[in-house]
Amino acid sequence: MKRLFWLVLGCILWAVSAHAQAPFYQGKTVKVILGTPPGNLYDLWGRLIVAYMGKYIPGNPDFIVQNMPGAGHVVAVNHLYTMAKPDGLTIIGTVIPSLYLNQLIGRSEIQFDWSKFSWIGSPARGDSQMYMRTDAPYKTIEDIRTAKEPPKCGATGVTGPDSFLPKLLQETVGTKFSIVTGYPGGQDIDLAVERGEIQCRAFTIEAFFGREPYHTWRKKGFVRHMFQTAKKRDARLPDTPTVFEIMDQYKTPESGRRLATVLLTAGDMGRPMLGPPGMPADRLKILREAYVKTMNDEQFRADVKKRNYEFDPVNGEGLEASAKAVTAQPPEIIERLKKVLGN
């Protein structure tokens, strides 16, 4: 009986020890929330990353993707901040990086603090552009400034680039735009442009050169580009002026240029992956390391190149620093943002 007792006790202790040493993620599933409908570039990027990321996490967890569109990613980000457990099993795959603007201007629907998220990584930094239907009577920025009827631009929410970039031009150089908000995703805006309901949209250069319908649009000359946000012209848009060139042309004062810097900082964060605040440091470290290894995976890089996506990764530590810096703005900048974006 004693021998049997010690045998059973030994088995129990071995099982407990083995369980204690097993990787946290072993046998678990990570839920990946995407704040757009399926098919949007944010959705495509998120799905591509998690298809590789699991093999670099000890325990090799499964990933499931849940699309949660609404209010330009705000629905998804609010859910992550207020509802998701900070256990490392719920993350957002990619998100619009300019959501901090909602927080800065104090919008009532915002339930998060941008600086407190658990930042994992971003596959690319992203500059933006605005396209305009070529049959619209707006061929230059001056045409928009002097238009009797402003062009209609589509937007998902109020602080994505599709909304704040036209407003930035209004504030700094005196253009006129009519912003039509409430579209569920970028594809819905593009369809509205094709139907002639609206004429323009501002979003990333990467997306415009990365997929349909833009390949077909370029071949048919369906749209022209009005401006781009980089400090120097992208090689793919050699004839499109930058926001900074336009501000030089119209002699925008320094206060307007500082405003532009705050708004355009979002491009440096790209398409970040993030978890809820308060995630255990060891699990955040695991996810960050897996993200970096995914970015360095040869097959992953080949897939990115095949899809013609931008690729300029930012690590989680860099995103965390940017998030804290961009949300610490002086009162005068906050007031200017409220004027541009509405409060």
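Refer to the preceding data block for the structure.
Residues numbered from 1 in each chain as written. Predicted model: local features only at pLDDT ≥ 70, side-chain atom pairs only at ≥ 80, totals over all residues. Heavy atoms only, no water.

**Student:** Before we go on, may I ask you to explain the overall build of the chain in this structure?
**Tutor:** Counting secondary structure elements, the chain contains 15 helices and 11 strands. Its C-alpha atoms give the chain principal-axis dimensions of roughly 95 × 45 × 30 Å. Contacts in the chain between residues far apart in sequence, at least 24 positions, make up 78% of those at least 6 positions apart. Taken as a whole, the chain presents about 15,700 Å² of accessible surface, with 54% of it coming from carbon and sulfur. Computed over 44 positive and 35 negative side-chain charges, the separation of the two mean positions in the chain equals 3 Å. (Helix = DSSP H or I, 4+ residues; strand = E, 2+ residues; numbered from the N terminus. Contact = heavy atoms within 4.5 Å. Areas by Shrake-Rupley, 256 points an atom, 1.4 Å probe, with all protein chains shown as cover. Lys, Arg positive; Asp, Glu negative; His and termini not counted. Charge placed at Lys NZ, Arg CZ, Asp CG, Glu CD.)

**Student:** Would you mind showing me how to read the layout of surface pockets here?
**Tutor:** Empty space left among the atoms is revealed by rolling a probe the size of a water molecule over them. The computed volume of the largest pocket comes to approximately 640 Å³. Along the walls of the largest pocket sit 46 residues, with Gly-126, Ser-128, Pro-161, Thr-204 and Gly-267 positioned nearest its centre. Contributions of two or more residues to the lining of the largest pocket are made by α2 (41-53), α6 (161-173), α7 (186-195), β8 (200-204), α8 (205-208) and α11 (254-264). Grouping the amino acids of the lining of the largest pocket by side-chain chemistry returns 19 nonpolar, 18 polar and nine charged. Approximately 250 Å³ is the volume attributed to the second largest pocket. (1 Å grid on protein atoms, 1.4 Å probe; cavity = no way out; pocket = protein on both sides within 12 Å on 5 of 7 lines; lining within 4 Å. Points joined across faces, edges and corners; volume = space filled by probe spheres on them. Nonpolar A, V, L, I, M, F, W, Y, C, P; charged D, E, K, R; others polar.)

**Student:** Please clarify how helix α14 (residues 316-326) should be interpreted in this entry.
**Tutor:** Because each turn of an α-helix spans 3.6 residues, side chains separated by three or four positions end up pointing in the same direction. Within the span of α14, buried status applies to Gly-316, Leu-319, Ala-323 and Val-326. End-on view of α14: buried residues confined to an arc of 105°, all on one side of the axis. Among the structural elements, α4 (100-104), β4 (118-122), α11, α12 (281-295) and β11 (314-315) are those in contact with the buried residues of α14. Measuring from the side-chain oxygen of the N-cap residue of α14 to the backbone nitrogen of Glu-317 gives 3.3 Å; that N-cap residue is Asn-315. (Buried < 20%, exposed > 50% of the residue type's maximum accessible area, 1.4 Å probe, protein only. Arc of directions from axis to C-beta. Polar contact = N/O pair within 3.5 Å; in protein donor to acceptor, adjacent residues only side chain to side chain.)

**Student:** Could you clarify how one ought to interpret the state of the cysteines in this entry?
**Tutor:** Defined simply, a disulfide is a covalent bond joining two cysteines at their sulfur atoms. If you walk through the whole model with that rule in mind, you get one disulfide. One disulfide in the model links Cys-153 with Cys-200; its S-S distance is 1.9 Å. One disulfide, between Cys-153 and Cys-200, carries an S-S torsion of -105° and so falls in the left-handed class. Here Cys-153 is found in strand β6 (residues 152-154), whereas its partner Cys-200 is found in strand β8, with 47 residues between them in sequence. Since its relative accessible area comes to 0%, Cys-200 is described here as buried. (Disulfide = S-S within 2.5 Å.)

**Student:** Looking at this structure, how should I read the packing of α2 against helix α13 (residues 298-306)?
**Tutor:** In a pair of packed helices, the angle between the axes and the distance between the axes together describe the arrangement. At a minimum axis separation of 10 Å, α2 and α13 run at an interaxial angle of 160°. As far as their axial angle goes, α13 and α2 are roughly antiparallel. The way α2 lies across α13 gives a crossing that is right-handed. Contacts from Trp-45, Leu-48, Ile-49 and Tyr-52 in α2 reach Gln-299, Phe-300, Asp-303 and Val-304 in α13. (Axes fitted to C-alpha atoms, helices over the stretch in contact; angles between N-to-C directions. Parallel < 35°, antiparallel > 145°, perpendicular 65-115°, else oblique. Left-handed = near helix turned anticlockwise from the far one by under 90°.)

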